[in-house]
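So you can see what is in the structure, the chains are spelled out below.
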Amino acid sequence: MPPGNGPAPRGPGGQKGTEPWRDPEAEPYLRLRGLTRRFGEVTAVADIDLDIYRGELFALLGGSGSGKSTLLRMLAGFERPDAGTITLDGQDLAAMPPYERPVNMMFQSYALFPHMTVAQNIGYGLKQEGLGRSEIAARVAEALELVQLKGLDARRPHALSGGQRQRVALARSLVKRPKLLLLDEPLGALDKSLREATQFELVNIQERTGTTFIMVTHDQEEAMTMATRIAVMTDGRLAQVGTPAEVYEYPTSRFVASFLGTANIFEGLVKRADATGALVESTAFDAWFESDSDPPKPEGGRVFVAVRPEKMRIETAAAETQPHGANRLSGTVRDIAYYGDFVMYVVALPDGSVVRVSRPTETRITELPITWNDPVTVTWPSFATVVLAQ
Amino acid sequence: MNGGGGASIASGRLARLVVLALPYLWLLLFFLLPFLIVAKIALSEIAVGIPPYAPILRWTEENVLTVVLNFGSFATLLEDGFYLDAYLRSLRVAGISALLCLLVGYPMAYAIARAPEHRRNLLLLLVVLPFWTSFLLRVMAWIGILQDQGVLNALLLSLGLISEPLRLLYTEGAVYVGIVYCYLPFMVLPLYATLAKLDPVLLEAAADLGARPFRAFLTVTLPLSMPGILAGCMLVFIPAVGEFVIPELLGGPAAQLAGRVLWVEFFQNRDWPMASALAVALLVLLVVPIAAFQRHAARRGRA
């Protein structure tokens, strides 16, 4: 059994074996092609192509109305696609009713049967398979142990806490050993204190069972900490697919940059672009943005530039002696938000727009060295500048 | 401060007491008191006069107040097979009627509960609509449909399905038609209430776990609509046991049901003590299923 380290080992720099999406030879487990679903005039899911590999914990991240839930419901079989194919392990699922699919779902509301005990709830799916009583009992006991609910098998759902219900729902969907487990906002109904512990446990269970998980969430933190890869969805389309670090550090659009975490976004014109980097001139005020990565747009084109607040430095302007240069902005502090572990400065620029800069509180300071209305200079290294195509 | 709080608590208690006392007062005045009067008549002797029974409290010639209880009516009730037969038949007819109402009402309630939300009120209105006309008129209308020269026979004859009119009216079948028709809304409404509350996501969960639609219905929908089934059956069964008008108008002379027997004792034989004894027996007969239902409901409420 692999050690239950939680989500920590995931992220950039993994080997080929653990990141099959980097291997062109790898065969995807779940393959979506041209998947489309319309509700009247509204296209909820628009022509989605997506490959998901065996053993992944894949997160569909998006706001309400982004189409993530419709996509999940199509995988479960509750919605029929208007076009496109769903292939799981070589098997075409699109025309299969939900009760024949080797796919199980953990519902957001858990959907536990109120008239059945915990054991009956978990055994329900096995009973439908026509398994014998003793085998069902053994599998249910195994599932209860997996989710650490031993001894609660005779309880009814209403006599359980929210966290326990979530575990029963998880056990009920896992006990059939599905090829694909779908999780609809798995932590959405839990309170904050339970959520973090459950995040780690869910990842742990996913690693122990080796089941491929696809979860839908609107919570970017949940997606970032748990998932092997994230698909950010908006308007029924995939805005970007990648590992949490890729999507956070290398967003390809303004939407993704601002949906995941905080990003300062500037508009500009590309002045120079080559393999070594790019230089972008701001169209709003006198400033230059320098990037050390290959920009997606040709020279002269209008682009957007994103910079994360934690990659910026803030200094009082009086201490500033360096000459004017790229990746440097001047302004005055308008707001300060103290979060404990970091301080967020909101700096007003000459054109009235604002830049957010965060600064970790490495020492125990009670009085901040920079305060309201101070003239400040904001700088950042060129690797922090991300040039966005859209 | 303290006194004010105490006063408000006291007045709150008073208000609660009043609210709790009202239904009990109602039951006392309109249920227990009439029942005691009926029980008193049941235990008195038949007499010629107005009212047609002897008082149970009497002054003897020695001026002693005596209570004269006459259990004769109850004895007759138990000894004469006629009454027992009528009661058993009533229970059977009511039971079968409740079952038929359930078979007809369940699909209706299910369809209404699954209909688009904006159409549900209209469908419910259609279920209740017959109540807007007189009950008697509706039962009479069935005579027109079921009689030998009635609408149904005429239709069957013209279609060539039968060569001579079927005997439909004045049969037990006609009684069932009448009862099911008249009491159907009492079955549909509680069933609809429980089915509408049923979370459709539970059926999705059942399908997701491998249950075909019919299995999902048997294992999820049906058990979860049990409170509605029980309430509907009680609402049909209880009034149907004592039903007088429908068997009188649609049933044959052989169909001696409890309600009819009671009516005959009261108005034709003018035997008030016997009629009252029948009424008391009917009540006792009905209290058993009601109590069972209440126990079940209470257990469900706790669960």
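Before reading further, recall that the structure is shown in the block above.
In short, a report on the structure. All values derive from a computational prediction rather than experimental measurement.

### With respect to the overall build of chain B
Part 1 of the argument: Scanning chain B for helices and strands turns up 13 helices and two strands.
Part 2 of the argument: For chain B, the C-alpha radius of gyration of 25 Å lies well beyond 19 Å, the compact-globule estimate for 303 residues.
Part 3 of the argument: Counting all 303 residues of chain B, 37% fall into the buried class.
Part 4 of the argument: Here the analysis covers contacts within chain B between residues at least 6 apart in sequence; of these, 69% occur between residues at least 24 apart.
Part 5 of the argument: Across chain B, the centroid of the 20 positively charged side chains sits 14 Å from that of the 17 negatively charged ones.

### Examining the pairing of strand β2 (residues 42-52) of chain A
All names here are of chain A.
Part 1 of the argument: Both strand β1 (residues 30-39) and β2 contribute to a ladder of seven bridges, which runs antiparallel. Paired with L30 across the bridge in β2 is I52.
Part 2 of the argument: As consecutive antiparallel partners, β1 and β2 are separated by two residues, and within that stretch G40 has a phi angle of approximately 60°, a positive value.

### Concerning the packing of aromatic side chains
Part 1 of the argument: One pass over the full model with this rule turns up 21 aromatic pairs over all chains.
Part 2 of the argument: Ring geometry for A:F266 and A:F289: centres 4.9 Å apart, planes at 15°, overall stacked. In this pair, A:F266 is assigned in strand β11 (residues 264-274) and A:F289 in strand β13 (residues 288-291), connecting sequence segments 23 residues apart.
Part 3 of the argument: Taking relative accessible area as the criterion, A:F266 reaches 6% and is therefore assigned buried.
Part 4 of the argument: Centre to centre, the rings of B:F244 and B:W263 are 5.2 Å apart; their planes meet at 15°, and the pair counts as stacked. Taken together, the residues span a long stretch of sequence, with B:F244 in the loop between α10 (226-241) and α11 (245-250) and B:W263 in helix α12 (residues 258-268) at a distance of 19 residues.
Part 5 of the argument: Overall, the relative accessible area of 32% leaves B:W263 in the partly exposed class.
Part 6 of the argument: Feature note: the residues B:Y53, B:F244, B:W263, B:F266, B:F267 and B:W272 constitute an aromatic cluster, connected by ring pairs.

Conventions used here
- Residues numbered from 1 in each chain as written.
- Chains lettered and ligands numbered in written order.
- Predicted model: local features only at pLDDT ≥ 70, side-chain atom pairs only at ≥ 80, totals over all residues.
- Heavy atoms only, no water.
- Helix = DSSP H or I, 4+ residues; strand = E, 2+ residues; numbered from the N terminus.
- Rg over C-alpha atoms; globule rule 2.2 N^0.38 Å.
- Buried < 20%, exposed > 50% of the residue type's maximum accessible area, 1.4 Å probe, protein only.
- Contact = heavy atoms within 4.5 Å.
- Lys, Arg positive; Asp, Glu negative; His and termini not counted.
- Charge placed at Lys NZ, Arg CZ, Asp CG, Glu CD.
- Pairing = 2+ DSSP bridges.
- Phe/Tyr/Trp six-rings, centres within 6.5 Å; stacked < 30°, edge-to-face > 60°.

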